Amino acid sequence: MNLSRKANLIWSFALLAGVALVLALVIPGDLAMHRPEPIRKGPGVTRITRLSEWFGALEGTRADTEVYILDSGKPGGSALLLGGTHPDEPAGFLAAILLVENAVPKAGRLYVIPHANPSAAGHPDIMEGEPRRFTLAGASGPRTFRFGSRATNYIDQWPDPDIYIHASSGQRLSGSETRNLNRAYPGRPDGTFTERLAYGITSLVRKEKIDLEVDLHEASPEYPVICAIVAHERAMPVASEAVLNLELDGVKIGLEPSPANLHGLSHRELGDATGTLALLMENCNPSQGRLRGRTDEALILDGKDEMYLRAAKLGRLFVPYDENGWPIQVRVGRHVAGLQAIYAAFSNQHPDRAVVLDGLPTYDDCVKKGLGPYF
């Protein structure tokens, strides 16, 4: 064997060893992203099931997400709460988990899906430099949560088409939107992974005759539809009353109509395809914006970023932004207060289908005490 061949073999084995080392370092963290964080069964939870109860084809797949049912056992309506549609918007799924662990129903039934797209929770956005998880100081110790992606994991749905065509409307979008749950409603039973997941949620809404559905989201500070409730036209009376009461309580929030020609979103398609009153709540999340600096756990929790301070001074943001940032307790507090206002408005306008919850903190509670006492 000549020296050149020996050198090639040595370099080849060294390269393979390097690849093996990188994989050994990366794979455990990647696999850990697929393990859901524990959610504690709160005093109001009467049953825990999975989405396959309403669409059997999801059984055994990563789309078969947990559904928590809080049934008062008393007459009233039914509501569905979606968290984790986009797992890189943490206030959404944290607010949903807070309700699961604390809310006690007094009238009607509440269905909560904390991880609406569990596949998206299982991987971070590629090339975004985001942390894979963050930790809250809970009442009985640290609680760690995954910081996922906006879209379904490639291992569950691949490849992306050049153009995504929304099945029921023919609307054409960027190919990557094919993995966005909030562009897939009402879904298809024989469609992609994301469309089947959307179909499962739509089936729950139809079969349980859900009166009111709320989808929790966050948006970057430079996005115009932010700190707002987006409502289907049939849900406008409920949303209007909720916004008015939130404003009276000192929680500034806007009201946006669901665009009739923007398809695939929960507030449009669930409102059109079912009898539910469909709403979506947007919050402010600096960790997902395009103007942000370093993306780390501190940014997720504190919402403080020097780049956004500069942008605010230049008038480039759609929300107030100062040295206090947008901490997670403020964002979750806004969602929890918004949900309580929405349920109260619905119950006021439809007393025979009331959905009444007890045991939840106020906005001021979340801001002053932090989230620890409720986790």
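Computed from a predicted model, the values in this text were never measured in an experiment. (Residues numbered from 1 in each chain as written. Predicted model: local features only at pLDDT ≥ 70, side-chain atom pairs only at ≥ 80, totals over all residues. Heavy atoms only, no water.)

## Let's talk about helix H4 (residues 236–248)
The line we're drawing: Secondary structure follows DSSP: runs of H or I at least 4 residues long count as helices, runs of E at least 2 residues long count as strands, and numbering of each begins at the N terminus. Take the residue count of a helix, subtract one, and multiply by 1.5 Å to get its expected span. Relative accessibility thresholds used throughout: buried, under 20% of the residue-type maximum; exposed, over 50%; partly exposed, between the two (1.4 Å probe, protein chains only). Two residues form a contact once any of their heavy atoms are found within 4.5 Å.
Compared with an ideal rise of 1.5 Å per residue, which puts 13 residues at 18 Å, H4 spans 18 Å between its outermost C-alpha atoms and is within 8% of the ideal. Among the residues of H4, those classed as buried are Val-238, Ala-239, Glu-241, Ala-242, Val-243 and Leu-246. In this structure, the buried residues of H4 make contact with strand S11 (228–231), strand S12 (254–257), strand S13 (277–282) and helix H8 (328–349). Of the residues flanking the end of H4, it is Gly-250, one or two places downstream, whose phi is positive at about 90 degrees.

## Some remarks on the side chain of Arg-292
Put simply, the rule is: Distance and chemistry together define a polar contact, namely a pair of N or O atoms within 3.5 Å, with one atom able to donate a hydrogen and the other to accept it when in protein, and with adjacent residues in sequence counting only for side-chain atoms on both sides.
With respect to the secondary-structure elements, Arg-292 resides in the loop between S13 and helix H6 (297–302). Classification of Arg-292 by relative accessible area gives buried; the value is 13%. Separated by 2.6 Å, the side chain of Arg-292 and the backbone oxygen of Gly-289 make a polar contact. Of note is the side chain of Arg-292, whose polar atom sits 2.4 Å from the side chain of Thr-295. In this structure, Arg-292 is in contact with Glu-128, Glu-130, Pro-286, Ser-287, Leu-299, Asp-305, Met-307 and Tyr-308, ignoring residues within four places of it in sequence.

## A look at the packing of aromatic side chains
Applicable threshold: Only rings of Phe, Tyr and Trp enter the pairing, Trp through its six-membered ring, and a pair is recorded when the two centres are within 6.5 Å. The plane angle decides the type: under 30 degrees is stacked, over 60 is edge-to-face, the rest tilted. We call a charge positioned above a ring when the Lys NZ or Arg CZ atom is no farther than 6 Å from the ring centre and deviates by at most 35 degrees from the ring normal.
Scanning the entire structure with this criterion turns up seven aromatic pairs. Ring geometry for Trp-54 versus Tyr-111: centroids 6.3 Å apart, planes at 80 degrees, classification edge-to-face. Taken together, the residues span a long stretch of sequence, with Trp-54 in the loop between strand S1 (47–50) and strand S2 (66–71) and Tyr-111 in strand S5 (residues 109–113) at a distance of 57 residues. Here Trp-54 and Tyr-111 have matching classes, each one buried. Taken together, Phe-93, Phe-134, Phe-145 and Phe-375 form an aromatic cluster joined through their ring pairs. Note that Arg-179 overlies the ring of Tyr-154, its terminal NZ or CZ placed 3.9 Å from the centroid.

## As for the packing of H4 against H8
This is how the line gets drawn: Helix axes are fitted only over the stretch in contact, all axes being lines through C-alpha atoms; the angle between N-to-C directions runs from 0 to 180 degrees. An angle below 35 degrees is read as roughly parallel, one above 145 as roughly antiparallel, one from 65 to 115 as roughly perpendicular, and any other as oblique. We call a crossing left-handed when the near helix sits turned anticlockwise from the far one by less than a right angle, and right-handed when that turn is clockwise.
Their axes nearest at 8 Å, the elements H4 and H8 cross at an angle of 125 degrees. Taken together, the axes of H4 and H8 are oblique relative to one another. The handedness of the crossing between H4 and H8 is right-handed. Between H4, through Pro-237, Val-238, Glu-241, Ala-242 and Leu-246, and H8, the contact on the second element is made entirely by Ala-337, Gly-338, Ala-341, Ile-342, Ala-345, Phe-346, Asn-348 and Gln-349.

## Brief notes about unusual backbone geometry
Trp-158 connects to Pro-159 through a cis peptide bond whose omega is -5 degrees. Relative to the helices and strands, Pro-159 resides in the loop between strand S7 (141–146) and strand S8 (163–165). Pro-186 follows Tyr-185 through a cis peptide bond whose omega is 0 degrees. Here Pro-186 shows up in the loop between strand S9 (172–174) and helix H3 (193–207). Despite not being glycine, Lys-209 has its phi angle at roughly 50 degrees, a positive value.

## Let's talk about the nonpolar core
Most often, soluble globular proteins keep nonpolar side chains buried together rather than apart. This is how the line gets drawn: Nonpolar cores were defined as sets of buried Ala, Val, Leu, Ile, Met, Phe, Trp, Tyr and Cys residues, with membership established by side-chain atoms within 4.5 Å.
Leu-81, Leu-99, Ile-229, Ile-342 and Tyr-343 are the most contacted members of the largest nonpolar core, which totals 57 residues. Residue contributions to this core peak at ten residues, all from H8. Residues Ala-63, Tyr-164, Tyr-185 and Ala-278 belong to the second largest nonpolar core, which totals 25 residues.

## Side note on the side chain of Ser-78
By secondary structure assignment, the location of Ser-78 is in strand S3 (residues 78–82). Assessed through its relative accessible area of 1%, Ser-78 is described here as buried. If near-sequence neighbours (up to four positions away) are discounted, Ser-78 is found in contact with Arg-109, Tyr-111, Glu-208, Lys-209, Ile-210, Asp-211, Leu-212 and Val-355.

## With respect to a nonpolar patch on the surface
We apply this condition: The residues that make up patches have over 30% relative accessible area and no salt bridge, and they are joined within 9 Å when like-charged or within 5 Å when they are Val, Leu, Ile, Met, Phe, Trp or Tyr. Using the Shrake-Rupley algorithm and a 1.4 Å probe, accessible areas are obtained, with residue cover drawn only from the displayed protein chains. Counted as salt bridges are all cases of a side-chain nitrogen of Lys or Arg within 4 Å of a carboxyl oxygen of Asp or Glu.
Taken together, the side chains of Ile-126, Met-127, Tyr-154 and Trp-158 define a hydrophobic patch exposed on the protein surface, amounting to about 560 Å² of accessible area. Mapped onto the fold, Met-127 is located in the loop between S5 and strand S6 (133–138). Its relative accessible area of 80% is what places Met-127 among the exposed residues.

## Topic: the pattern of salt bridges
According to the stated counting rule, one finds 18 salt bridges in the structure shown. Its salt-bridge partner being Arg-292, residue Glu-130 comes within 4.0 Å of it at the nearest N-O pair. Here Arg-292 lies in the loop between S13 and H6 and Glu-130 lies in the loop between S5 and S6, a separation of 162 residues in the sequence. No difference in accessibility class separates Glu-130 from Arg-292, as the two residues are buried. In this structure, the salt-bridge partner of Asp-296 is Arg-294, at a minimum N-O distance of 3.7 Å. Classification of Arg-294 by relative accessible area gives exposed; the value is 70%. When salt bridges that share partners are traced, they join Glu-128, Glu-130, Arg-290 and Arg-292 into one network.

## Description of the packing of helix H2 (residues 90–102) against H8
Short version of the rule: For this scheme, ten residues count as nonpolar: Ala, Val, Leu, Ile, Met, Phe, Trp, Tyr, Cys and Pro. Four count as charged, namely Asp, Glu, Lys and Arg, and the remainder, Gly too, count as polar.
Orientation of H2 relative to H8, taken along the N-to-C sense of each, is 60 degrees, at an axis distance of 9 Å. As the angle between them shows, H2 and H8 are arranged oblique. In the packing of H2 onto H8, the handedness of the crossing is right-handed. Contacts between H2 and H8 involve Pro-90, Ala-91, Gly-92, Leu-94, Ala-95, Leu-98 and Leu-99 on the former and, on the latter, Ile-328, Arg-331, Val-332, His-335, Val-336, Leu-339 and Tyr-343. Of the residues belonging to the contact of H2 with H8, the class tally is eleven nonpolar, two polar and one charged.

## Observations regarding the environment of Ala-337
Residue position: Ala-337 is located in helix H8. Sequence separation between Ala-337 and Val-104 is 233 residues; the distance between their C-alpha atoms is 15 Å. Apart from the residues within four sequence positions on either side, Ala-337 is in contact with Leu-246 and Tyr-363.

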